[in-house]
Amino acid sequence: MATVNKNYLRLQGSYLFSRIGEKVRNFQSENPDKKVIRLGIGDVTRPIAPAIITALHSAVDEMGQESSFKGYAPDLGYEFLRNAIAENDFKARGCDISPDEIFVSDGAKGDCSNIQEIFGSDNKIAVCDPVYPVYVDSNVMAGRTGEYDDITEGYKDVIYMPCTRENGFAPDLPSQVPDLIYLCFPNNPTGAVITKERLQEWVDYARKNGSIILYDAAYESFITEEGIPHSIYECEGAKECAIEFRSFSKTAGFTGLRLGFTVIPKELTAGGEKLWPLWARRHGTKYNGAPYIIQKAGEACYSQEGRAQIKEQVAYYLENAKYIYDGLKSAGYEVYGGVNAPYIWLRTPGNMTSWEFFDQLLEKVNVVGTPGSGFGPHGEHYFRLTAFGSRENTIEAIERIRNI
Ligand code: PLP
């Protein structure tokens, strides 16, 4: 008799955004005349930049010609894209990452959830609290987290690292040493960043203890301030202890096109075993590559024109973020993030719970955000708004919230 993977039964409730979706659908069906503005889910709204559209068109035409038709992509991804990534994202920032250490994929979500497969099932993971839920849930599915504890609202075998206003939403080094450490900067959901000095402390800690840092830099392109690392490989020794994930989703609006990559340095080991060949094997066995036309679109992000256009797009979202941040702050809210990230993290007024504030915003001013508690217990009494809406909707939403 077939049985299920019982680890899946330990997953908690419905995914955060399903619950939000259900509440919004119910509200909308009871109030069909109300215009609901969604600043909740982190999807982009700006169309793909013209230089990328041109590259897509021409790649589509290539697929229609016998002489230029492409089938399966090379395992690691096309060299033209890996070269452009290595040159622009790493070499230009002083990071010694070669094209062969870059694995092109269809996005960071798959990579940061699949990466745990190459590590032992007894590895202990550490995550930030609050956290992007994918890191935890993928480890629950793999049976690495133990039982869920209703009292602590966490899994028994996971090390949760509180991210609070007191530590600037960047976690302190844990006293109990983890094997795998998930870090994400600029952070989703808090919009926080980490300084190079503090990230270096993490790298030193991981090297000293033989831990691996799984560094999610999906929001790297939103960094505006000096002194904030764009890649963990800007830190000394990071090639000996870190894997990095990147995404074209928020950088260039590829949430629907799907493109990302993972960096695994050739010398990186865990317990004396090299990780690069394991991920190469996993990639080759379970994945057949991002489509050629999408990789050509990715390459166009690095052309002079493409770079300028996507920079403009990111600036548009950052202006929304500033509007939200300033608008709420001047209305008396306690607000964080929004400067180097498309996320604004605010303290709920009057000590309301995150879901109480969600209901209030939805019912009173028809604005949808994301309850902080959905990202972990330390997210309670916080609320996430995103800068990915249109300018018009963002302005209207903030005016409505200010007038509550
Ligand atoms: N990592 C973080 C922290 C995210 O917030 C997201 C998307 O919201 C992803 C990864 C997923 O990126 P992708 O669209 O490349 O799968």
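As named in an unreviewed UniProt entry, the chain is LL-diaminopimelate aminotransferase, taken from Butyrivibrio proteoclasticus. Recorded under Subunit (unreviewed entry), the UniProt text for the chain is reproduced unchanged: "Homodimer." Regarding the chain, the UniProt comment filed under Pathway (unreviewed entry) reads as follows: "Amino-acid biosynthesis; L-lysine biosynthesis via DAP pathway; LL-2,6-diaminopimelate from (S)-tetrahydrodipicolinate (aminotransferase route): step 1/1."

Can you help me understand the sheet that holds strand β17 (residues 382-386) in this one?
Paired through backbone hydrogen bonds, the strands of a sheet run either parallel or antiparallel to each other. What the four strands build is an open sheet, ordered β13-β14-β17-β16; its pairing is antiparallel. Both edges of this open sheet fall to β13 (335-337) and β16 (370-371), since each of them pairs with a single strand only. Bridge count between strand β14 (residues 343-347) and β17: five bridges; the pairing is antiparallel. Its bridge partner lying in β17, W345 is registered against R384. Packed on one face of the sheet, helix α10 (residues 304-330) meets β13, β14 and β17 and runs near 15° to β14.

Looking at this structure, how should I read the UniProt feature "domain: Aminotransferase class I/classII large" (unreviewed entry) in the chain?
The UniProt record annotates "domain: Aminotransferase class I/classII large" (unreviewed entry) at residues 34-401. Secondary structure across residues 34-401 divides into 35% helix and 16% strand, with the first and last C-alpha atoms of the span separated by 15 Å.

In this structure, what is going on with the environment of G71? I would like to understand it.
Assignment of secondary structure puts G71 in the loop between α2 (50-63) and α3 (79-90). In sequence terms G71 and P291 are 220 residues apart; their C-alpha atoms lie 8.8 Å from each other.

Just checking my understanding: could you explain the pairing of strand β3 (residues 125-129) for this structure?
For a regular strand, side-chain orientation follows a simple rule: the groups alternate between the two sheet faces. By the criterion of burial, β3 is predominantly enclosed, with five of the five residues buried. Of the two faces of β3, the one carrying I125, V127 and D129 and the one carrying A126 and C128 are both buried. Two elements, β3 and strand β7 (residues 180-184), share two bridges in a ladder whose sense is parallel. Within β7, the position partnered with A126 by the bridge is I181. As paired elements, β3 and strand β6 (residues 159-162) share four bridges and run parallel to each other.

Looking at this structure, I do not really get unusual backbone geometry. What am I missing?
Omega for the peptide link from F185 to P186 comes to -10°, which places this bond in the cis form. As for its placement among the helices and strands, P186 is situated in the loop between β7 and α6 (196-209). Following N188, the chain continues into P189 via a peptide bond in cis, with omega recorded as 20°. On the secondary structure map, P189 appears in the loop between β7 and α6. In this structure, R258 is a non-glycine residue whose phi angle is positive, near 75°.

Help me understand the UniProt feature "binding site: substrate" (unreviewed entry) in the chain, please; the structure alone is not making it clear to me.
According to UniProt, the positions carrying the feature "binding site: substrate" (unreviewed entry) are Y15, G42, K109, Y132, N188, N288 and R384. With the annotated positions falling across 370 residues, the maximum pairwise C-alpha distance of 35.3 Å shows that they are not confined to a single cluster. Structurally, G42 can be placed in the loop between β1 (37-38) and α2. Overall, G42 belongs to the buried group, with 21 C-beta atoms counted inside 10 Å. Ignoring sequence-local partners within four residues, the contact set of G42 consists of N188, T386 and F388.

What's the story with the sheet that holds strand β8 (residues 212-216) in this structure? I'm lost.
Taken in spatial order, the seven strands line up as β2-β10-β9-β8-β7-β3-β6 in an open sheet, and their pairing is mixed. In this open sheet, the two strands that pair with only one neighbour each are β2 (102-105) and β6. Here the average twist between neighbouring strands, direction ignored, is 20°. Relative to β8, β7 runs parallel, the two being bridged by five bridges. Paired with I181 across the two strands is I213, which belongs to β8. The sheet strands contacting α3 are β2, β9 (242-247) and β10 (260-263), and the helix crosses β2 at an angle near 120°.

Calculation criteria
Residues numbered from 1 in each chain as written. Predicted model: local features only at pLDDT ≥ 70, side-chain atom pairs only at ≥ 80, totals over all residues. UniProt positions renumbered as here; feature names shortened; annotations may be inferred. Pairing = 2+ DSSP bridges. Helix = DSSP H or I, 4+ residues; strand = E, 2+ residues; numbered from the N terminus. Contact = placed C-beta atoms within 7 Å. Axes fitted to C-alpha atoms, helices over the stretch in contact; angles between N-to-C directions. Buried ≥ 20, exposed ≤ 12 C-beta atoms within 10 Å, placed from the backbone.

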